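# Observations on chain architecture
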Amino acid sequence: MTSIAAPPTTAGTVSALRRLYFVRFAFAIVWALVMFTMAKEISPVAAVLLVVYPLFDVAAAVVDANASRETRSPVLLYVNMAVSLIAAVGVGIAATSGIPAVLRVWGAWAIVSGLVQLIVAVPRRTMGGQWAMILSGGISVLAGGSFVASAGADTPTLASAIGYAIPGGIFFLISALRLGRTAKVA
């Protein structure tokens, strides 16, 4: 297996992204485990947690944008911040209408943020560790479509939307580990 050495100008970015990806992995796994206990109905706690997830994505995009300034324009990360902020508000409002509404908003968010993730990760592939982010973005787009479709089921649950966080977290872990290999080679 080969690793791609990170150019010197990206060493700080690689290190910051690696830390961010580890945090995103831990958050996604803990969030999903807690939310799985509430998948059949939207309690006040579940509604708050549903809003927190896209807000965490906003915070992660802020960290990513700050870390990436040296190597790339953060414009797409700003787009992701706006999309995730709108999603957080939308999920909060949708939570008052029930699970189908939440699944529709969550699905739309997964589609748009997945596209942004793909577009951001493709040029970063020279840093190493980005194939998992590319794959994750593509899966996010497909999963978003399935969330929207599942909103019309006879008894929709949040299980699929919650389960979406686990593979996403695993992809962040894989990318963090791969970035670690890149940093050691540099």
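I will try to describe carefully the structure that is included in this document. (Residues numbered from 1 in each chain as written. Predicted model: local features only at pLDDT ≥ 70, side-chain atom pairs only at ≥ 80, totals over all residues. Heavy atoms only, no water.)

### Some points on helix α5 (residues 131–150)
The cut-off we apply is this: Per the convention used, a helix needs a DSSP run of H or I reaching at least four residues, while a strand needs a run of E reaching at least two, with both numbered from the N terminus. To estimate how far a helix should extend, the number of its residues minus one is multiplied by 1.5 Å. For each residue, the accessible area found with a 1.4 Å probe, counting protein chains only, is set against the maximum for its type, and the residue is called buried under 20%, exposed over 50%, and partly exposed in between. Here the arc refers to the set of directions running from the helix axis out to each C-beta atom.
With 20 residues, α5 should reach 28 Å at 1.5 Å per residue; the first-to-last C-alpha distance of 28 Å fits that figure. Turning to α5, its buried residues are A132, M133, S136, G137, S140, A143, G144 and F147. Angularly, the buried residues of α5 cover 135° about the axis, an arc narrow enough to put them on a single face. Exposed positions of α5 whose direction lies more than 90 degrees from the buried face are L142 and A149.

### Observations concerning the pattern of salt bridges
For clarity, the threshold we go by: Any carboxyl oxygen of Asp or Glu that lies within 4 Å of a side-chain nitrogen of Lys or Arg is treated as forming a salt bridge with it.
Following the criterion strictly, the structure yields one salt bridge and no others. Taking the shortest distance from any N to any O, the salt bridge between D57 and R24 comes out at 2.3 Å. Within this pair, whereas D57 is found in helix α2 (residues 44–68), its partner R24 is found in helix α1 (residues 11–36), the two being separated by 33 residues in sequence. For the pair shown, D57 and R24 are each scored as buried.

### A look at the nonpolar core
Considering soluble globular proteins, one finds that nonpolar side chains tend to be buried as a cluster. Test applied: Only buried residues count toward a nonpolar core, which is a set of Ala, Val, Leu, Ile, Met, Phe, Trp, Tyr and Cys residues joined through side-chain atoms within 4.5 Å. Here a residue-residue contact requires only that any non-hydrogen atoms of the pair lie within 4.5 Å.
Of all hydrophobic cores here, the largest spans 31 residues; its most connected members are W31, M35, L50, W106 and L158. Breaking this core down by element, the ones donating at least two residues are α1, α2, α3 (75–94), α4 (99–124), α5 and α6 (159–163). In terms of residues, this core owes the most to one element, α4, which gives seven residues. With residues up to four places along the chain from it excluded, the contact list for L50 reads W31, M35, V91, V102, W106 and L158.

### Structural notes on a nonpolar patch on the surface
Note the following rule: Here, patches come from residues exposed beyond 30% relative accessible area and free of salt bridges, joined within 9 Å for like charges and within 5 Å for nonpolar side chains (Val, Leu, Ile, Met, Phe, Trp, Tyr). Surface exposure here means Shrake-Rupley accessible area, sampled with a 1.4 Å probe, where a residue is shielded only by the protein chains that are shown.
Where nonpolar side chains cluster on the molecular surface, the patch consists of V75, L76, Y78, V79, L115 and I119 and spans about 480 Å² of accessible area. Of all elements in the fold, only α3 and α4 reach the threshold of two or more residues within the nonpolar patch. Looking at the nonpolar patch, the element that brings in the most residues is α3, giving four residues. Counting through the fold element by element, Y78 comes out in helix α3.

### Topic: the packing of α2 against α4
So the rule is basically this: Interaxial angles span 0 to 180 degrees and are taken between N-to-C directions of axes, which are lines fitted to C-alpha atoms, for helices over the stretch in contact. Under this scheme an angle from 65 to 115 degrees is roughly perpendicular, one under 35 degrees roughly parallel, and one over 145 degrees roughly antiparallel; angles in between are oblique. Handedness of a crossing follows from how the near helix is turned relative to the far one, being left-handed for an anticlockwise turn of less than a right angle and right-handed for a clockwise one. Charged means Asp, Glu, Lys or Arg here, nonpolar means Ala, Val, Leu, Ile, Met, Phe, Trp, Tyr, Cys or Pro, and polar covers whatever is left, Gly included.
Relative orientation of the contacting elements α2 and α4 amounts to 15°, with a least axis distance of 12 Å. Here α2 is positioned roughly parallel relative to α4, judged by the angle of their axes. When you trace α2 past α4, the crossing you get is left-handed. Listed contacts from α4 to L50, Y53, P54, D57, D64 and S68 of α2 are V102, W106, W109 and R124. In terms of residue class, the contact of α2 with α4 is built from six nonpolar, one polar and three charged.

### Points about the packing of aromatic side chains
Operational definition: Working definition: a ring pair exists when centres of Phe, Tyr or Trp rings (six-membered ring for Trp) sit within 6.5 Å. Plane angles under 30 degrees give stacked, over 60 give edge-to-face, the rest tilted.
Counted under the stated rule, the structure contains nine aromatic pairs. With 5.3 Å between their ring centres and 55° between their planes, Y21 and F172 make a pair best called tilted. Highlighted residues: Y21 in helix α1 and F172 in helix α7 (residues 165–185), separated in sequence by 151 residues. The class for Y21 is buried, based on a relative accessible area of 3%. Here F147 and Y164 contribute two aromatic rings whose centre-to-centre distance is 5.3 Å and whose plane-to-plane angle is 85°, an arrangement assigned as edge-to-face. With F147 in helix α5 and Y164 in the loop between α6 and α7, the pair connects residues that are 17 residues apart, well separated along the chain. Here F147 falls in the buried class, since its relative accessible area comes to 2%. Here Y164 falls in the buried class, since its relative accessible area comes to 18%. Here the aromatic cluster, defined as three or more aromatic residues joined through ring pairs, consists of F27, W31, Y53, F56, W106 and W109.

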